[in-house]
Amino acid sequence: ARQVSLTFPVIDNDELAKIQHIDPRPDSSTTVTIRGLYRFDEGPDAMRDRITAIFGEVDAAIEAGARFIVLSDRDSNKDLAPIPSLLLTAAVHHHLIRAENRMKVGLIAEAGDVREVHHVALLVGYGASAVNPYLAMETCEDLVRSGVITGISPEKAVANVIKALGKGVLKIMSKMGISTISSYAGAQAFEAVGLDQAFIDEYFTGTTSKLGGVGIEVVAAENLHR
């Protein structure tokens, strides 16, 4: 099986592309990219139904020999809405655990909704081996090219974003007494606030949630509003 060693949990677009094309054979299924998108006009259960369908796609990818699965929310448009990256990653992570397939693949989040350190920390904590915050990076590139940010190259701006996010995650971990990313990955060292217990049990299994709150229907409605 192929192995990939990353020095940082945050990766740029080039590093993601290398993983996506890791096998020189054009018919390779070493890395499979799965689109975390759903049709927003198919009713309140559209997001839930799409997550269930993605479980089947993940299972098929593993059966075909996949070693890396990229969960991507790229290419959303007026018809296709993105599933929140944390919900998708955690859902797939726990599906793989239940199916006893978790150790067979690495999960990579190609996520447009990752903007800050906590977002990266949550994704790693709920199963992502690496995070590609493409929209944050491309936004910084655009800010440089449009002159909003000056005195720096687009490439350096992206490098600064990656460094800040990665260092921030390491700082969070060190405050918790965790010294390596591998010890933090999938550890779910969080407590949920404002989420319904049934929702937690299904998609964030094992997370403490003392207060209760909203379920996937409200999450889907808020996502649709955005």
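Numbering of residues begins from 1 in every chain and follows the order in which that chain's sequence is written. Where totals are concerned, whole chains, interfaces and linings use all residues; where local detail is concerned, this predicted model gives features only for residues with pLDDT of at least 70, and gives and counts side-chain atom pairs only at 80 or more. The basis for every side-chain value is the complete set of heavy atoms in the structure, and neither hydrogens nor water enter the calculation.

An account of the sheet that holds strand β5 (residues 106–110) is needed here, citing residue identities and associated values.
In any sheet, the strands associate via hydrogen bonds between backbone groups, in a parallel or an antiparallel arrangement. Here, strands pair whenever DSSP counts at least two bridges between them. Secondary structure elements are taken from DSSP: a helix is a run of H or I of four residues or more, a strand is a run of E of two residues or more, and numbering for both begins at the N terminus. With parallel pairing, the four strands of this open sheet are ordered in space as β1-β3-β5-β6. Two strands close off the open sheet at either side, each with one partner strand: β1 (31–35) and β6 (128–132). Strand-to-strand twist across the sheet, computed as the mean angle between neighbouring axes with direction ignored, equals 20°. The pairing of β5 with β6 spans four bridges and is parallel. Its bridge partner being in β6, I108 is matched across the sheet by A130. Whether two residues touch is decided by their heavy atoms; if any such pair falls within 4.5 Å, the residues are in contact. Here, axes are lines fitted to C-alpha atoms. For helices the fit covers the stretch in contact, and angles between N-to-C directions go from 0 to 180 degrees. Most of the contacts of helix α4 (residues 117–125) go to β6, to which it runs at about 150°, and overall it touches β5 and β6.

Requested: an account of the packing of aromatic side chains, with residues and values cited.
A ring pair, where both rings are aromatic, is described by two values, the distance of the centres and the angle of the planes. When two rings of Phe, Tyr or Trp (its six-membered ring) have centres within 6.5 Å they constitute a pair, described as stacked for plane angles under 30 degrees, edge-to-face for angles over 60, and tilted for the intermediate range. All told, the structure shown has four aromatic pairs when counted by the stated rule. Ring pairing ties together the aromatic residues Y126, F190, F199, Y203 and F204, which thus form one cluster. Sitting over the face of the ring of Y134, R74 holds its NZ or CZ atom 4.0 Å from the ring centroid. Here, a charge over a ring means that NZ of Lys or CZ of Arg falls within 6 Å of the ring centre while also lying within 35 degrees of the ring normal.

Tell me about the nonpolar core, residues and numbers included.
Grouped together as the largest cluster of nonpolar side chains are 34 residues, with contacts concentrated most on I51, I69, L87 and V92. Put simply, the parts of the chain that give this core at least two residues each are α2 (46–63), β3 (68–72), α3 (85–98), α8 (197–203) and α9 (216–225). Of all the elements, α2 adds the most residues to this core, at eight residues. Not counting residues up to four positions away in its chain, the partners in contact with V92 are I54, F55, V58, L71 and L107. What is meant by a nonpolar core is a set of buried Ala, Val, Leu, Ile, Met, Phe, Trp, Tyr and Cys residues, joined one to another through side-chain atoms within 4.5 Å. Burial classes follow relative accessibility: with a 1.4 Å probe on protein chains only, a residue under 20% of its type's maximum area counts as buried, one over 50% as exposed, and anything between as partly exposed.

Tell me what's going on with the confidence of the model for the protein chain, and back it up with residues and numbers.
Atom-level detail of predicted coordinates should not be read off regions where pLDDT is low. Residue-level confidence of the predictor is what pLDDT reports, using numbers from 0 through 100. Across the protein chain, the average pLDDT comes to 90, with 96% of residues at 70 or higher. Highest mean pLDDT in the protein chain belongs to β3 (97); lowest belongs to helix α7 (residues 181–184) (68).

Which residues make up the pairing of β5, and what are the values?
Across the five residues of β5, five count as buried, placing the element largely inside the fold. As paired strands, β3 and β5 are joined by five bridges and run parallel to one another. Across the sheet, residue I69 finds its bridge partner in β5, namely L107. The parallel pair β5 and β6, bridged by α4, forms a crossover whose chirality is right-handed. When the strands point away from the viewer, a crossover counts as right-handed if the route from the first strand across the helix to the second turns clockwise.

With reference to specific residues and values, describe the packing of α4 against helix α6 (residues 154–175).
Look at α4 against α6: their axes get within 9 Å of each other, and the N-to-C directions meet at 65°. Relative to α6, the crossing made by α4 is right-handed. The segment α4 lies against α6, with V117, V120 and A121 engaging A164, L165, G168, V169 and I172. The residue inventory of the contact of α4 with α6, partitioned by class, reads seven nonpolar, one polar and no charged. A clockwise turn of the near helix away from the far one marks a right-handed crossing, whereas an anticlockwise turn of less than a right angle marks a left-handed crossing. For this classification, Asp, Glu, Lys and Arg are treated as charged, while Ala, Val, Leu, Ile, Met, Phe, Trp, Tyr, Cys and Pro are nonpolar and the rest, including Gly, are polar.

I'd love a proper account of the pattern of salt bridges, names of residues and values included.
The salt bridge criterion pairs a side-chain nitrogen of Lys or Arg with a carboxyl oxygen of Asp or Glu, the two atoms within 4 Å. With the rule as written, the count across this model stands at nine salt bridges. A salt bridge links D75 to R35, with the nearest nitrogen and oxygen atoms 3.6 Å apart. Here the residue D75 occupies a position in the loop between β3 and β4 (80–82), and R35 occupies one in strand β1, the gap between them amounting to 40 residues. Its relative accessible area of 52% is what places D75 among the exposed residues. For R50, the salt bridge goes to E57, with nearest N and O atoms at 2.8 Å. Take R50: its relative accessible area is 18%, and that puts it in the buried class. Look at E57 and you get partly exposed, because its relative accessible area is 32%.

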